[in-house]
Amino acid sequence: MRYSKMGLGVLIGCALSSVALSGLAGAAKLNRVAAGFQQPLGLANAADGSSRLFVVEQGGKIKILQAGKVLPTPFLDISSLTDAGGERGLLGLAFDPKFKSNGRLFINYTDKGGNTTIARYSVSSANKNVVDPKSAKVLLKIEQPYANHNGGQLEFGPDGMLYVGMGDGGSGGDPENYGQNMNSLLGKMLRLDVSSDTLSVPKNNPFVGKDGTKAEIWASGLRNPWRFSFDRKTGDLWIADVGQNKLEEINFQAASSKGGENYGWRLKEGNSCFNPSRGCDAVRANGVKLTDPVFQYPHNRGVSVTGGYVYRGSSVPELAGQYVFGDFGSGVIWATSRDGNGKFSTREMMDTDYSIAAFGEDEAGELYLVGYDGTIYKFAR
Ligand SMILES: [Ca+2]
């Protein structure tokens, strides 16, 4: 276990080439598949049959990894649009569910002023391995009060809507209480319709038409949902929310949810009262009962949770149907199962020396780990 305090910019560690294995998943291991990326923060596939992997670099480049080789020309380079460092930079990438036919992709970055920017781009008609920079269209800007807690993940749900993970804006302890302020997009999960040329709010979002409440909000009470994902088989949503002083948490939202959940921050950190320090469960800020995490771990096992994916690949049968995630600071990796009765159980799977910035899936559902030092690993037997 490596151990450093969180803060992406300062954590370029010395990754080992092998990892210690432990527990029931003794047969699972991590194979190094590529290296040399600059502060990578994400990995995505385009679901277009090309088998390409797209690696997101914090500085502003997206690079293509194909058949084990990194293509020399970046897929996209927005380095001139962002000042990367700390928790700022190019933070997220999602391909349109119809990418194969419409060539659209969406990115999340902090602009030169540090504000969250969601933009759409289109792939070049002349070269499918390059994005047309002139296609850029900014769809949404969200002002950030502090440099940290910018969230950054973008994912399309099974409903075809774009979900955006927004942090509470910083700095620590959510001083302005954005997580529980329904008139702010900070500290929320947003749900947006980007299927037409301009952005719109889905009419069936849970707070549409409610006074003093932003209609873009899908769920509230999040501190910094750095990484979240949908189970590609069931559509369930898993949100890893980075903790404040004591607890890192995993939140679960069933595919059947109509939205509106309140995941507690800053009233609660994990399942403990945070602010107020007592009586937090009696507060009904958004009119709903607070939803506690399905798993949490204390800061002696990690300091900054990195959400992963429910494994739906075929290479590692012992991980089938389990939600695999890790910790950026400690390198520990866990796997959470949900049984037929909806009961969750989590086990520690590996204790690595990697700075786990993200996880990612390929088109076949195989799982990858993105090491902030620039190395990509694949889960294998
Ligand atoms: Ca929470």
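Residues numbered from 1 in each chain as written. Predicted model: local features only at pLDDT ≥ 70, side-chain atom pairs only at ≥ 80, totals over all residues.

## Let's talk about the overall build of the protein
Then comes step 1: Helix and strand content of the protein: one helix and 28 strands.
Then comes step 2: The C-alpha extent of the protein, read off along each of the three principal axes, is 55 × 50 × 40 Å.
Then comes step 3: Sorting the 381 residues of the protein into buried and exposed places 49% on the buried side.
Then comes step 4: Counted over contacts in the protein with a minimum sequence separation of 6, partners at least 24 positions apart contribute 57%. (Helix = DSSP H or I, 4+ residues; strand = E, 2+ residues; numbered from the N terminus. Buried ≥ 20, exposed ≤ 12 C-beta atoms within 10 Å, placed from the backbone. Contact = placed C-beta atoms within 7 Å.)

## Topic: the pairing of strand β28 (residues 376-380)
Then comes step 1: Counting buried positions along β28 gives four out of five residues, so the element sits mostly inside the fold.
Then comes step 2: Examined bridge by bridge, strand β27 (residues 367-371) and β28 share three bridges and lie antiparallel to one another. The residue of β28 that forms the bridge with valine 370 is isoleucine 376.
Then comes step 3: Taking the residues that link successive antiparallel strands as the turn, the β27-β28 hairpin has four residues, and the phi of glycine 374 there is positive, at about 115 degrees. (Pairing = 2+ DSSP bridges.)

## What to know about the environment of methionine 189
Then comes step 1: Tracing the backbone through its elements, the reader meets methionine 189 in strand β14 (residues 189-192).
Then comes step 2: Through-space distance from the C-alpha of methionine 189 to that of isoleucine 217 is 6.1 Å; in sequence the pair is 28 residues apart.
Then comes step 3: Non-local contacts of methionine 189, meaning those with residues more than four positions away in its chain, are made with Tyr163, Gly165, Trp218, Ala219, Leu222, Pro225 and Ile239.

## Things to note about the nonpolar core
Then comes step 1: By size, the foremost hydrophobic cluster in this structure holds 95 residues, and its most contacted members are Phe54 and Val324.
Then comes step 2: Here this core takes five residues from strand β8 (residues 90-95), the largest share from any one element.
Then comes step 3: When near neighbours in sequence (up to four residues on either side) are disregarded, phenylalanine 54 contacts Leu43, Ala44, Asn45, Ala46, Ile62, Ile64, Phe75 and Leu93. (Core = buried A, V, L, I, M, F, W, Y, C linked by C-beta atoms within 7 Å.)

## Quick look at the confidence of the model for the protein
Then comes step 1: Per-chain confidence: the protein averages 93 in pLDDT, with 92% of residues scoring 70 or above.
Then comes step 2: Low confidence marks residues 9-25, where pLDDT is under 50. Its contacts with residues over four positions away, or in another chain, come to 36 contacts. (pLDDT = per-residue confidence, 0-100.)

## What to know about the sheet that holds strand β16 (residues 227-230)
Then comes step 1: One open sheet holds the four strands; their spatial order is β16-β17-β18-β21, and the pairing between them is antiparallel. One side of each edge strand has no neighbouring strand; the edge strands of this open sheet are β16 and β21 (295-298). On average, each strand axis in the sheet is tilted by 10 degrees relative to the strand beside it, whichever way the strands run.
Then comes step 2: As judged from the five bridges shared by strand β17 (residues 237-241) and strand β18 (residues 247-253), these two strands associate in the antiparallel manner. Bridging across to β18, alanine 240 finds its partner in isoleucine 250. (Axes fitted to C-alpha atoms, helices over the stretch in contact; angles between N-to-C directions.)

## A look at the environment of serine 345
Then comes step 1: Looking at the element boundaries, serine 345 is found in strand β25 (residues 344-351).
Then comes step 2: For the pair serine 345 and valine 294, spaced 51 residues apart in sequence, the C-alpha separation works out to 8.5 Å.

## Brief notes about the sheet that holds β8
Then comes step 1: If you trace the four strands from one edge of the open sheet to the other, you get β8-β9-β10-β11, paired in antiparallel fashion. With one partner strand each, in any of the chains shown, β8 and β11 (131-142) form the two edges of the open sheet. Strand-to-strand twist of the sheet, defined as the mean angle between neighbouring strand axes without regard to direction, takes the value 25 degrees.
Then comes step 2: Two elements, β8 and strand β9 (residues 104-110), share five bridges in a ladder whose sense is antiparallel. Bridge pairing in β9 links phenylalanine 95 to leucine 105.

## Quick look at the environment of alanine 358
Then comes step 1: For alanine 358, the position within the fold is in strand β26 (residues 356-361).
Then comes step 2: Contacts of alanine 358, omitting those with residues within four sequence positions, involve Leu41, Gly42, Leu43, Arg227, Thr306 and Val370.

## What to know about the pairing of strand β13 (residues 162-165)
Then comes step 1: Burial along β13 is two-sided: the residues Leu162 and Val164 and Tyr163 and Gly165 are all buried.
Then comes step 2: The sheet contact formed by strand β12 (residues 154-156) and β13 spans three bridges and is antiparallel. In the strand pairing of β13, phenylalanine 156 is matched with leucine 162.
Then comes step 3: Hairpin connection from β12 to β13: five residues lie between these consecutive antiparallel strands, with glycine 160 at a positive phi of about 80 degrees.
Then comes step 4: Pairing between β13 and β14: four bridges, direction antiparallel. Within β14, the residue paired with glycine 165 across the bridge is methionine 189.

## Quick look at unusual backbone geometry
Then comes step 1: The amide bond that connects glycine 170 to the next residue, serine 171, takes the cis arrangement and shows omega of -10 degrees.
Then comes step 2: With respect to the helices and strands, the residue serine 171 is situated in the loop between β13 and β14.
Then comes step 3: Note the cis peptide between tryptophan 265 and arginine 266, where omega equals 0 degrees.
Then comes step 4: Looking at the secondary structure, you find arginine 266 in the loop between β18 and β19 (268-269).
Then comes step 5: The phi dihedral of alanine 67 is positive, around 50 degrees, even though this residue is not glycine.
Then comes step 6: Secondary-structure assignment places alanine 67 in the loop between β5 (61-66) and β6 (69-70).
Then comes step 7: The backbone phi angle of asparagine 177 is positive, close to 60 degrees, even though this residue is not glycine.
Then comes step 8: Summarising the element assignment, asparagine 177 is placed in the loop between β13 and β14.
Then comes step 9: Overall, asparagine 177 belongs to the partly exposed group, with 17 C-beta atoms counted inside 10 Å.

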